[in-house]
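Now for the letters of each chain:
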Amino acid sequence: MKVQLSFDAEQERVVQKLALVAALTGAIVFTLLLDPSIVDPFRIGWLASGDPAQSYLGWLFFRHEPWSLPLGLTHTMGMEQAGSIVYSDSIPLLAITFKLLRAWLPEAFQYHGLWLCACYALQGYFALRLLALFTSRRSVLVLGVLLFLLSPIMLFRAQWHLALTAHWFIVAALYLYYAPPQGRRTLHWLALLWLAPLVHAYLMFMVYAIWAAYLLRYGVLDRRWSIGRVATAAVLSVAGSVSIMWLAGYFLDMDVSSGGFGYFSMNLLAPFSWIGAGPVLPNSPQGATSGQYEGFNHLGMGILMALMLGIFHAIATHFRQPGSAAGNWQKAPELALILSCAVLTLLAISNEVTLGSRVLFVLPMSAKITSAMNVFRASGRLFWPVYYLLMLAAVRSTLRFSRPVCIRVLLLFFVVQLFDLFPFYHAINRASAATVANSKFPVFPSAFWAQARSRYANIYVIPGQYKDGENIAYESLAGAHGFAIDTAYAARLPAAALQEPRQIRHERFFEGLLDPNGLYLMQSSALGSLKTAQRLFPPDTGMGLIDGMTIVAPGWFKNASAPYLHRFDINDFADAAIGETCVFGKDGNGIPYMLAGWGEPGDDATWSVGPSAILAFHVPPGDADLKIVLNVDAYLPEAFPHLTVNVDMNGHRLARWQFERGKPPPDTTLPLPSALKQTDGNIALRFTFDQARSPSESGESVDARKLALLLRSASIQRK
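The following refers to the structure shown. (Residues numbered from 1 in each chain as written. Predicted model: local features only at pLDDT ≥ 70, side-chain atom pairs only at ≥ 80, totals over all residues. Heavy atoms only, no water.)

**Focus on the overall build of the chain**
Broken down by element type, the chain carries 20 helices and 18 strands. Viewed in the frame of its principal axes, the chain has a C-alpha envelope of about 105 × 55 × 50 Å. The buried share of the chain, reckoned over its 719 residues, is 53%. Considering only intrachain contacts with a sequence separation of at least 6, the fraction spanning at least 24 residues in the chain is 75%. For the chain, the exposed surface amounts to about 31200 Å²; the carbon and sulfur share of it is 61%. Where the 54 positive side-chain charges of the chain centre and where its 47 negative ones centre are 15 Å apart. (Helix = DSSP H or I, 4+ residues; strand = E, 2+ residues; numbered from the N terminus. Buried < 20%, exposed > 50% of the residue type's maximum accessible area, 1.4 Å probe, protein only. Contact = heavy atoms within 4.5 Å. Areas by Shrake-Rupley, 256 points an atom, 1.4 Å probe, with all protein chains shown as cover. Lys, Arg positive; Asp, Glu negative; His and termini not counted. Charge placed at Lys NZ, Arg CZ, Asp CG, Glu CD.)

**A closer look at the nonpolar core**
With 175 residues, the main nonpolar core has Trp189, Tyr388, Phe424, Trp449 and Ile551 as its most contacted residues. When residues in this core are grouped by element, the largest group, 13 residues, is from helix α9 (residues 201-221). Residues contacting Tyr388, with those up to four places away along its chain left out, are Gln123, Phe148, Ser151, Ile153, Met154, His167, Ile170, Val171 and Leu174. If you look at the next biggest cluster of nonpolar residues, it comprises 36 residues, including Ala613, Val632, Phe687 and Leu711. (Core = buried A, V, L, I, M, F, W, Y, C linked by side-chain atoms within 4.5 Å.)

**Observations regarding unusual backbone geometry**
For the bond running from Leu69 to Pro70, omega is -5 degrees, close enough to zero to count as cis. The residue Pro70 is located in the loop between α2 (50-64) and α3 (92-99) in this model. In this structure, Pro463 follows Ile462 across a cis peptide bond, with omega equal to 5 degrees. Tracing the backbone shows Pro463 in the loop between β3 (458-462) and α17 (470-481). At Asp89, a position not held by glycine, the phi torsion is positive, near 55 degrees. Looking at where Asp89 falls in the secondary structure, it is placed in the loop between α2 and α3. The class for Asp89 is partly exposed, based on a relative accessible area of 22%. Positive phi, normally seen in glycine, also occurs at Asp547, with a value near 50 degrees.

**Thoughts on the sheet that holds strand β8 (residues 566-567)**
Spatial strand order, β4-β3-β5-β7-β6-β8: six strands in an open sheet with mixed pairing. Looking along the sheet, the strands with just one partner apiece sit at the ends: β4 (484-485) and β8. Sheet strands in contact with helix α18 (residues 500-509) are β3, β5 (518-522) and β7 (549-553), and its direction is about 70 degrees off that of β3. (Pairing = 2+ DSSP bridges. Axes fitted to C-alpha atoms, helices over the stretch in contact; angles between N-to-C directions.)

Structure representation (structure tokens):
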């Protein structure tokens, strides 16, 4: 069936009206597949888990921040881990638009439900525009549009990856590919290409793949366009997209190649089976990796039957007329598109080729290529343009029959498709209703938070490693009360060097060095370490349990009015006997004195790990001056032959040691003046290093620990 090359004005009006009806149909299908109440912009509870929560919370922080350039930057959601609304998948197109209206929006406002409804409406609109290029049969258009609207891969994304539900970008690109290149068609392409990065990078990549096929078709294969025109169109599209990407906040120093290519791939059986549908259908077959849900691409039995019909017809035609297609294959409108789709399919499969639960083989790649591929690590998604091209081919395969037969055949395939996919639709519908009924964001009603916000600008999450959706509670608290928060959950995080101040701040917490501008929230995994670290906190530090959150508040008791929290119960450090030698190997008696900044004890010594470390002792209170004799070595690899160590006692400088490779070490006996001892007999020695280095940095091994001081033994003695 050939493409209809053009419409007259009357035909265009009819198709436009039908497309609007298809858009309305898309909105209706949306209400049947998902709980329609999610379109209520004031209902936010259904977004309170997984990736939808990430998207909503990104918007929550972004809306309250001042405008900046690039427009999509966020500073408060993550602080040193912050990026932009691109990396929280908050749909920059809508986030920026609604931020312009923030003065008139209520605090509880979401645009995600409206977005999903719009995606289904636009899917219907562009599906009809695409199908109308091949047929004017109304019944075929109706059934074809319904097949596009009931796409399982689109519905699969509507449950979790809200931005990626915009499959209408792909359908619109296919429409522009097949539509005649006349009038303002290039402008339509540019609008689509420039809009895509404001929704999601994967969709942009797929639209560009179809655009590249379009330029190849008209610039090389058909030669309707001159090389100059092709180059101009390509440069305009890329320049516009790059500018918009900069404006949205793509070009930050983010770790965009953090791994996953091959793991989040498409299984060879994915188009023919339910592999990858596990999040919806738990009993579906397992792929070779648990990440192959990203390659879920089940076509459905109806589409597969229609494609089989088309293949059989093509074979039969070839044998009846063996020379009919030869000589004209270069002019086939699909050729360039097929080449582009072949590349997308190979990327979707990745270099780890899997069949069912087996890995067939792995193609080796260099480190540079692997890093480049990891930019689009969830490569299983890249099959989507191929998916919709196959769906189009399935509908077209029925058009060679007479009108009555065509309708019956397509209706049969449609019914088979519904029968095959009904359990999937039903599971999604039930899950959507359950989410709306039961899901909600945590609330923090205590008046403490308002008082704390008047004293602290930031929330620091310790140790700052989220698991199992923990981020939602912490980020909801910060976003609702106007704090910045230093630990974020996002699709990509900044490069490690940009996060170093955060790491240092967390290390200093366990050394008793608290930021007076921040409120510390303790995760359950840090409560054991808190019992040790609290010995080093200033005495005016507050602690408490508010709305289920364990809080450490620096300087809380500086003010006369300090409700809600209590002071720490400070215990003495471990007792040290005068004259006894403490050994810091794994079987030594010095382990209790290593308070913070030390690694796992070795056979006869322990390395410091990080920029500082603390030894802490308790000796009998008294006025006698003491000294401590330390047996230490420094890490001085050939690449870093110098090390400076500052030693402080209870906040006062005792010594500055200079270690140099190949030279005798400094005297490491330290006075412990009675004037610097705390009245309770507690002594804390802090060792701060100018450059702790790892063996991996010095080229000695793959050990990534930041080493500086090797502690062997210590003995407290009277002067």
